[in-house]
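Commentary on secondary and tertiary structure
This is what each chain is made of:
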Amino acid sequence: CSRLREVQALLRTDGKTAPDGILCSLGIDSRYNEGCSELASYLFFDLYKHNQEQIPEDFPEEVLDDVIILIKAESVHLYCNPVNYSYLLPYVSHWRNLHLHCMTETEYDDEEAAEEFKISSFVSMVEDCTCIGIPYSSHSHAQKFDVFMLEKWPIVQAFALEGIGAGGFFTMKYKLIDVSEDLWQIYSRLDPVSLDCLLNEDLLSFEKQWSCLFSSMGLESALSMQELSEAQTAEPFRTYYSYGLISGNITDNSKSRQPFVLFGSHSSKEDLDNYCFTFPSEGHQVRNTGPHGGAAKHMLLQCVAPKGPLACARTYFFGSTHVPYLAHDNTQQKKTELLLLSQIYSAAIQAVLAGIKCFSINSSASKAKDVAEQTFQLGLDTFGLHQYRSALRSKAVFTIQAVNNEGRVIPLSDEHSRFLVKTASMVVYDIPNLQWGGSNLGSVVFSESFLESSIYIQDRDGALSTDSCFTVLTSSVPRHMCWLVEESDVRLSEQALHLLKEENDTCLGIPLTTKDSTQVFSSSLLSTPEEGKLVFFSEGLLFISSHYGTITLSKNHIKTIKVYDGGSLSATAVLFIDYESSLLPHLPFHLHSPDRCLAITLMPKTKGYKSFYSQVLPVWNKPNSGLRMQHVAQDQLTLDQKNMYTRLLKLHEPQCSSTASPKAAQRTAYPELPELDR
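Here we summarise the structure given alongside this text. Quick caveat, the model's predicted, so the values are computed rather than measured.

Criteria and thresholds
- Residues numbered from 1 in each chain as written.
- Predicted model: local features only at pLDDT ≥ 70, side-chain atom pairs only at ≥ 80, totals over all residues.
- Heavy atoms only, no water.
- Helix = DSSP H or I, 4+ residues; strand = E, 2+ residues; numbered from the N terminus.
- Buried < 20%, exposed > 50% of the residue type's maximum accessible area, 1.4 Å probe, protein only.
- Contact = heavy atoms within 4.5 Å.
- Axes fitted to C-alpha atoms, helices over the stretch in contact; angles between N-to-C directions.
- Parallel < 35°, antiparallel > 145°, perpendicular 65-115°, else oblique.
- Left-handed = near helix turned anticlockwise from the far one by under 90°.
- Nonpolar A, V, L, I, M, F, W, Y, C, P; charged D, E, K, R; others polar.
- Patch = residues over 30% accessible without salt bridge, like charges linked within 9 Å, V, L, I, M, F, W, Y side chains within 5 Å.
- Areas by Shrake-Rupley, 256 points an atom, 1.4 Å probe, with all protein chains shown as cover.
- Salt bridge = Lys/Arg side-chain N within 4 Å of Asp/Glu carboxyl O.
- Lys, Arg positive; Asp, Glu negative; His and termini not counted.
- Charge placed at Lys NZ, Arg CZ, Asp CG, Glu CD.
- Pairing = 2+ DSSP bridges.
- Phe/Tyr/Trp six-rings, centres within 6.5 Å; stacked < 30°, edge-to-face > 60°.
- 1 Å grid on protein atoms, 1.4 Å probe; cavity = no way out; pocket = protein on both sides within 12 Å on 5 of 7 lines; lining within 4 Å.
- Points joined across faces, edges and corners; volume = space filled by probe spheres on them.
- Core = buried A, V, L, I, M, F, W, Y, C linked by side-chain atoms within 4.5 Å.

Topic: the overall build of the chain
Secondary structure summary: the chain contains 22 helices and 23 strands in total. Taking the principal axes of its C-alpha atoms as reference, the chain extends roughly 105 × 60 × 55 Å. Sorting the 678 residues of the chain into buried and exposed places 54% on the buried side. In the chain, the share of contacts with a sequence separation of at least 24, taken over all contacts with a separation of at least 6, comes to 67%.

Examining the packing of helix α16 (residues 337-362) against helix α17 (residues 365-382)
Two elements in contact, α16 and α17, have axes whose closest approach is 7 Å; the angle formed by their N-to-C orientations is 150°. In terms of orientation, α16 lies roughly antiparallel with respect to α17. Remark: the crossing between α16 and α17 carries right-handed chirality. Residues Ile344, Ala347, Ala348, Gln350, Ala351, Ala354, Gly355, Cys358, Phe359 and Asn362 of α16 pack against Ala365, Lys367, Ala368, Val371, Ala372, Thr375, Phe376, Gly379 and Leu380 of α17. Looking at the contact of α16 with α17, its residues break down into 13 nonpolar, 5 polar and 1 charged.

Let's talk about a negative patch on the surface
Taken together, the side chains of Glu105, Asp109, Asp110, Glu111, Glu112 and Glu116 define an acidic patch exposed on the protein surface. Per-element accounting of the negative patch gives the leading share, 3 residues, to helix α6 (residues 111-126). Of note, Asp110 is situated in the loop between α5 (105-108) and α6.

Observations regarding the sheet that holds strand β17 (residues 530-537)
Spatially, 8 strands are ordered β19-β18-β17-β16-β22-β21-β20-β23 in an open sheet, and the strand pairing comes out mixed. Since the sheet does not close on itself, it has two edges, and those belong to β19 (549-554) and β23 (629-631), each with one partner. Mean inter-strand twist for the sheet, computed between neighbouring axes without regard to direction, equals 30°. In terms of strand pairing, strand β21 (residues 573-579) meets strand β22 (residues 597-602) through 6 bridges, oriented antiparallel. Counted as the bridge partner of Ala573 is Leu602 from β22. The strands touched by helix α20 (residues 607-620) within the sheet are β16 (516-521), β17, β18 (540-545), β20 (558-564), β21, β22 and β23, with β17 carrying the most contacts at an inclination of about 35°.

What about the packing of aromatic side chains?
For any pair of aromatic rings, the description consists of the separation of the ring centres together with the inter-plane angle of the planes. Under the criterion given, the structure shown has 31 aromatic pairs. Ring geometry for Phe44 and Trp95: centres 5.9 Å apart, planes at 10°, overall stacked. Of this pair, Phe44 sits in the loop between α2 (34-43) and α3 (61-64) while Trp95 sits in the loop between α4 (85-92) and β4 (98-101), placing them 51 residues apart in sequence. Relative to Trp483, the ring of Phe318 lies with its centre 6.3 Å away and its plane at 40°, an arrangement referred to as tilted. Taken together, the positions of Phe318 in strand β9 (residues 311-318) and Trp483 in strand β15 (residues 482-483) put the pair 165 residues apart, joining distant regions of the chain.

What about the pairing of β20?
Of all 7 residues in β20, 6 are buried; the element is thus mostly enclosed. Looking at chain direction, β20 and β21 are connected through 6 bridges and run antiparallel. Paired with Tyr564 across the two strands is Val574, which belongs to β21. With 3 bridges joining them, β20 and β23 adopt parallel strand pairing. When the sheet's bridge partners are listed, Val563 is paired in β23 with His631.

Examining the side chain of Ser538
Position of Ser538 relative to the elements: it lies in the loop between β17 and β18. Under the relative-accessibility criterion, Ser538 is labelled buried at 12%. With residues near it in sequence (within four places) discarded, Ser538 still touches Leu508, Gly509, Ile510, Leu512, Val619, Trp620, Ser625 and Leu627.

Examining empty space enclosed by the protein
For the structure on display, the rule yields 5 cavities of 30 Å³ or more. Of the voids in this model, the largest cavity is the one considered here, and its volume is about 70 Å³. If you trace the largest cavity, you find 13 residues lining it, with Gly319, Ser320, Thr321, His480 and Cys482 closest to the centre.

A short note on the nonpolar core
Within soluble globular proteins, side chains that are nonpolar generally end up buried alongside one another. Core analysis: the largest hydrophobic core is formed by 68 residues, its most contacted members being Ile344, Phe376, Met426, Val428 and Trp620. The next biggest cluster of nonpolar side chains, apart from the first, holds 57 residues, and it includes Val7, Leu10, Ala73 and Ile119.

Observations concerning unusual backbone geometry
For Asn97, which is not a glycine, the phi torsion comes out positive at approximately 50°. Taking the relative accessible area as the measure of exposure, Asn97 reaches 48% and is therefore partly exposed. Positive phi, close to 55°, is recorded for Ser363, a residue that is not glycine. Locating Ser363 in the fold gives a position in the loop between α16 and α17. Residue classification places Ser363 among the partly exposed positions, given a relative accessible area of 45%.

Written out as structure tokens, the structure is:
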């Protein structure tokens, strides 16, 4: 009923220009007019799409299309037949002041009587109108409004029949106006039905494009990855976007709403401004777009839904920010271009999320921009990048855009933008290499699509307050990914793997288990549960990731290990490892968190779970193990640890089918609760 009221609102505007009613005739009676079909599809929630399960495949199309609707400001006239009536009833039964024109099945058997009834019904619908609106064009196929073409509609021609019709030409008796563009604005707004479609269809398709990219990257070795070009990497995004534009006959491809992949130094503001997704670069490869012509350290990616509001951008990295601990004295963090870019990117993520939270509270883009810029500057200070505050002040650009269901940007000043999906973005352009000299390192980018909602609450004293919340729709797309491409990084990771083959004591002691699957993550904004292989040692752990190599955790860097079993032997167990600051150089940057805690999962009924309790725990619990173990209950966990465990429960909750599991895993990569500031 809300969709009908949206259409009826067009009839309640200025009385001098608004039509008395909007006419929608389907099928042969309107010569299969696309604008009428689009309006019917909107009102009947895509009932007329061929993939609707409730309509039998052999149902006669001419019978289903035998519908005429006249929408007035306070009532609706609907002509249908007794055959399609049962299919329309669920959609129209709650319409207010519905005037139904329908014969009985017995009467409908007489074809001549049925045609006369349709004509007389049409005449009675419009008899008290003077101006009638026509949805002449569909959104994907705009046409010039032609009154004389309406005279060719069979139902309009029948209007002139003497004795049955009203007599005279329909187009001479009534003023006809095109209301297509007004209806398009209504179609593009978000309502409960379109939101459901967005979450259960469009978002899944959008996430699939990222999964395709990760799959293709996962097939590459460190050596072959250096040969990847921007065009090759962007192929999943480009195909998805191009096909959507073609199938939807969409010509509006704003540069801010196009997919892109740019490597390393080839991501300057000029490169971003001049990028065209239809002509991606084959010459810019990972191996030649980095500092001084070497391998790229990062890449910028943006995926855009061609026929919807979804879009998000990420910055991913090539290389490693850590050195696996092998009992050497190197305790200083690697000061590299890669670490610098990662830190600036992390500050941009904090800025965007702070901007989203601010916007959801006060709906002010200018206030959100101020908060985002301040948060970015504070983020730089957190990482000790004080010299970059002034250098990046004018280069960090934060924006919020409202995007309708057609993927078109709507000004935030438009009153209807309140009901649209927003995209918040920060681009840090042309990052200078202040620490090592030389040319610019390129740019970093981060953006999320989100929905916000706020209501005014009147307190007992009469004062008004606002209650608001937001949901980040694209939070399931990993905020951080990295791949090893340089031989030195691969070699360091392989050196750590030699610990598995050592017969004598190592810096981690002796191996207690073989490789078992697990997930590692932290409370960092960059971190999401990542799968890998885990080996327990007598004095530490070794984790192997296919993306960033090997992590070694020695007892020398571990404060305490909290074992939380979820209160049941059948629940997921987690090791919360509180570590010393001395571990930071040996831990990938995206796992760094203010609480200095890592979470490692142990799934029930798995080999790793059983091995930990039977082989590892007895050794670690010994007084001389050097490891401080704590078996804790839920109330002994910190707030961050409770939140991390909640994320794991969502990630591993039972799915209805095996094919749904990867989808569910990705969709729960980050918490969606606003209060967690994700």
